[in-house]
Amino acid sequence: DGTSTGILPEMGDYTLYIELLEGKDIKIESGSNITITAAVIEDPDDDEPSVLGQIYDGTIIIGDYAGSAGSIVIDGLKIANTNKNGIEILDLSTNITIKNCNIKIIGEEDPENPYFSVYGVNANGWIEGLNISDNKIGVYGDAAYSYGIQLGSYGALSNPKDITISNNEIYMDIEAGM
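What counts as what
- Residues numbered from 1 in each chain as written.
- Predicted model: local features only at pLDDT ≥ 70, side-chain atom pairs only at ≥ 80, totals over all residues.
- Heavy atoms only, no water.
- Pairing = 2+ DSSP bridges.
- Helix = DSSP H or I, 4+ residues; strand = E, 2+ residues; numbered from the N terminus.
- Axes fitted to C-alpha atoms, helices over the stretch in contact; angles between N-to-C directions.
- Phe/Tyr/Trp six-rings, centres within 6.5 Å; stacked < 30°, edge-to-face > 60°.
- Buried < 20%, exposed > 50% of the residue type's maximum accessible area, 1.4 Å probe, protein only.
- Core = buried A, V, L, I, M, F, W, Y, C linked by side-chain atoms within 4.5 Å.
- Contact = heavy atoms within 4.5 Å.
- Patch = residues over 30% accessible without salt bridge, like charges linked within 9 Å, V, L, I, M, F, W, Y side chains within 5 Å.
- Areas by Shrake-Rupley, 256 points an atom, 1.4 Å probe, with all protein chains shown as cover.
- Salt bridge = Lys/Arg side-chain N within 4 Å of Asp/Glu carboxyl O.
- Lys, Arg positive; Asp, Glu negative; His and termini not counted.
- Charge placed at Lys NZ, Arg CZ, Asp CG, Glu CD.

### Describing the sheet that holds strand E3 (residues 26-28)
- A sheet is described by the order of its strands in space; here five strands give the open sequence E3-E8-E11-E14-E17, paired in parallel fashion. Each edge of the open sheet carries a strand with a single partner, namely E3 and strand E17 (145-152). In this sheet, neighbouring strand axes are inclined to one another by 15° on average, regardless of whether the strands run parallel or antiparallel.
- Pairing analysis gives three bridges linking E3 to strand E8 (residues 60-62), with the strands arranged parallel. Residue pairing in the sheet places Ile 26 in a bridge with Ile 60 of E8.

This is the structure we're talking about:
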């Protein structure tokens, strides 16, 4: 079912290869030197390897609000969610890289929550060292608040610092009703 609690080394130093993950979140609460990337399947009968790395209705969540997660790379994944964020980086995380990903988020209006929001990448709080580069991020739908990349300090200890956002393509097709 995708559950791996307690199986991966708590302190990190591993690569997590994703083939296909549906309806499950990936939570990296602590550890360092962790890479989350697409699995590549070699087929001897085909000249081109199959690159997988697809996540449907699952969010990658980095951090635990205690400063225990750092030096994490998210590379080459395809994330498609409805009413869920693509990647969340929590307060006190350090040295996070998100690159070569394709993130598609659909946000649907929630009549009971006029402030409902969705994010392709949501980095909130004191985050030191964040590199978001060479990604395609699309956000669609009619959620009241929708963002491709959000950096902020709402309810956090302080603002993020040492941030690089470069060479990303961000597509927004939002019809939010106010």
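### A short note on the packing of aromatic side chains
- Taken as a whole and judged by the stated rule, the model has two aromatic pairs.
- Summarising the aromatic geometry, the rings of Tyr 115 and Tyr 145 are spaced 6.4 Å apart at their centres and angled 15° between planes, so their arrangement reads as stacked. A residue pair is termed long-range when its members are at least 10 positions apart, and Tyr 115 in the loop between strand E13 (102-107) and strand E14 (117-124) and Tyr 145 in strand E17 qualify at 30 residues.
- Given a relative accessible area of 61%, Tyr 115 falls into the exposed group.
- For Tyr 145, a relative accessible area of 28% puts it in the partly exposed group.
- A centroid spacing of 5.1 Å and a plane angle of 10° characterise the contact between Tyr 119 and Tyr 147, whose relative ring orientation is stacked. Residue Tyr 119 is found in strand E14, and its partner Tyr 147 is found in strand E17; the two are separated by 28 residues along the sequence.

### Digging into the nonpolar core
- Counting 34 residues, the largest nonpolar core has Ile 60, Leu 77 and Ile 89 as the members making the most contacts within it.
- Sequence-distant contacts of Ile 89, that is, excluding residues within four places in its chain, are made with Ile 62, Ile 96, Ile 98, Val 121, Asn 122, Ala 123, Asn 124, Ile 127 and Leu 130.

### Describing a negative patch on the surface
- A surface patch of negative charge is lined by Glu 42, Asp 43, Asp 45, Asp 46, Asp 47 and Glu 48.
- Tracing the backbone through its elements, the reader meets Asp 45 in the loop between strand E5 (40-41) and strand E6 (50-51).

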